Amino acid sequence: MSDDEIEKPEIIKPINRLKNKVAASSGGSGGAPGRFDPRKLAAAQGVVDAKRPPYHVQTEGELDELSTFCAAAEASPQEQRNLHIKRIANIAANIKSLGSTFGYPLMTQFGESLRDYCNALSTPSNEQLTVIRAHIDAMRAVIKGRITGDGGVIGVELMRTLVKAVEKFKPD
């Protein structure tokens, strides 16, 4: 067969049924063609929000987990603390990632500080566990007090205290 005799393939584009359900298909119902209809998007977000617990409720559970893992690390010999510290770092990363989204930027800052501190530790000392506990206590104060935004004077003081503790007992 020569190149002239080869049939060209037929390209079939499947129908995007999901797009048709969610997006405005003609620009006339709230959006441009191929764009999500803002009303449908808002309705879908409302359903998701209704099923999710409020940030402070979810975070209280995570703070309880942090306290449990910190207590387990405190009860373990120094050379066996790493597993608990890794779990603390993972939970702190989750707290960090959601804090600002829900109006708690202090939780983002504290979560990031705790995550970074834990990730830098090799064999945590008792003093370093105290710094971890201070992070947990600061986050608990923010959640219990529903301290949103930058926290004003309280937020600045909590952050200053944590930075000082991290600096004093920084990992080698």
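In what follows, the accompanying structure is described. Computed from a predicted structure; not experimentally measured. (Residues numbered from 1 in each chain as written. Predicted model: local features only at pLDDT ≥ 70, side-chain atom pairs only at ≥ 80, totals over all residues. Heavy atoms only, no water.)

1. A look at the overall build of the protein
When helices and strands are counted, the protein shows seven helices and two strands. The N-to-C order of helical and strand elements in the protein reads α-β-β-α-α-α-α-α-α. Looking at the protein as a whole, 30% of its 172 residues are labelled buried. The contacts of the protein with a sequence gap of at least 6 include a subset with a gap of at least 24, amounting to 63%. Per element, the accessible surface of the protein, about 11,000 Å² overall, is 56% carbon and sulfur. (Helix = DSSP H or I, 4+ residues; strand = E, 2+ residues; numbered from the N terminus. Buried < 20%, exposed > 50% of the residue type's maximum accessible area, 1.4 Å probe, protein only. Contact = heavy atoms within 4.5 Å. Areas by Shrake-Rupley, 256 points an atom, 1.4 Å probe, with all protein chains shown as cover.)

2. Quick notes on the nonpolar core
Of all hydrophobic cores here, the largest spans 30 residues; its most connected members are Leu66, Ile88, Leu114 and Ile132. For this core, the secondary-structure elements that each account for two or more residues are helix H3 (55-75), helix H4 (82-99), helix H5 (105-120) and helix H6 (126-144). In terms of residues, this core owes the most to one element, H6, which gives eight residues. Ile88 has contacts with Leu66, Phe69, Cys70, Leu114, Cys118 and Ile132, leaving out every residue within four places of it along the chain. (Core = buried A, V, L, I, M, F, W, Y, C linked by side-chain atoms within 4.5 Å.)

3. Observations regarding the packing of aromatic side chains
Given two aromatic rings, one states the distance between the centres and the angle between the planes to describe the pair. As enumerated under the stated definition, the model contains two aromatic pairs in all. Here Tyr55 and Phe102 contribute two aromatic rings whose centre-to-centre distance is 5.4 Å and whose plane-to-plane angle is 10°, an arrangement assigned as stacked. Taken together, the positions of Tyr55 in helix H3 and Phe102 in the loop between H4 and H5 put the pair 47 residues apart, joining distant regions of the chain. On the basis of relative accessibility, which here comes to 5%, the residue Tyr55 falls in the buried class. Pairwise contacts between aromatic rings join Tyr55, Phe102 and Tyr104 into one cluster. (Phe/Tyr/Trp six-rings, centres within 6.5 Å; stacked < 30°, edge-to-face > 60°.)

4. Concerning the pattern of salt bridges
Throughout the structure, instances matching the rule amount to six salt bridges. Between Asp64 and Arg140 there is a salt bridge; the shortest N-O distance is 3.2 Å. Here Arg140 lies in helix H6 and Asp64 lies in helix H3, a separation of 76 residues in the sequence. According to the relative accessible area criterion, Asp64 is partly exposed, its value standing at 44%. Arg133 serves as the salt-bridge partner of Glu74, at 3.1 Å between the closest nitrogen and oxygen. With Glu74 in helix H3 and Arg133 in helix H6, this pair connects stretches of sequence that are 59 residues apart. A relative accessible area of 21% means that Arg133 is categorised as partly exposed. A network of salt bridges, in which partner residues are shared, links Glu112, Arg115 and Asp116. (Salt bridge = Lys/Arg side-chain N within 4 Å of Asp/Glu carboxyl O.)

5. Considering the environment of Tyr117
Note on placement: Tyr117 falls in helix H5. The exposure class of Tyr117 is buried, given its relative accessible area of 3%. Considered as a pair, Tyr117 and Ala89 are 28 residues apart in the sequence and their alpha carbons are 8.2 Å apart. Excluding anything up to four places from it in sequence, Tyr117 contacts Gln128, Val131, Ile132, Val166, Phe169, Lys170 and Pro171. Looking at Tyr117, its side chain comes within polar contact range of the main-chain oxygen of Phe169, at 2.6 Å. (Polar contact = N/O pair within 3.5 Å; in protein donor to acceptor, adjacent residues only side chain to side chain.)

6. Observations concerning unusual backbone geometry
Positive phi, close to 50°, is recorded for Arg146, a residue that is not glycine. Tracing the backbone through its elements, the reader meets Arg146 in the loop between H6 and helix H7 (152-168).

7. Some points on the environment of Glu127
Its place among the elements puts Glu127 in helix H6. Side-chain polar atoms of Glu127 contact the side chain of Ser125, separated by 3.3 Å.

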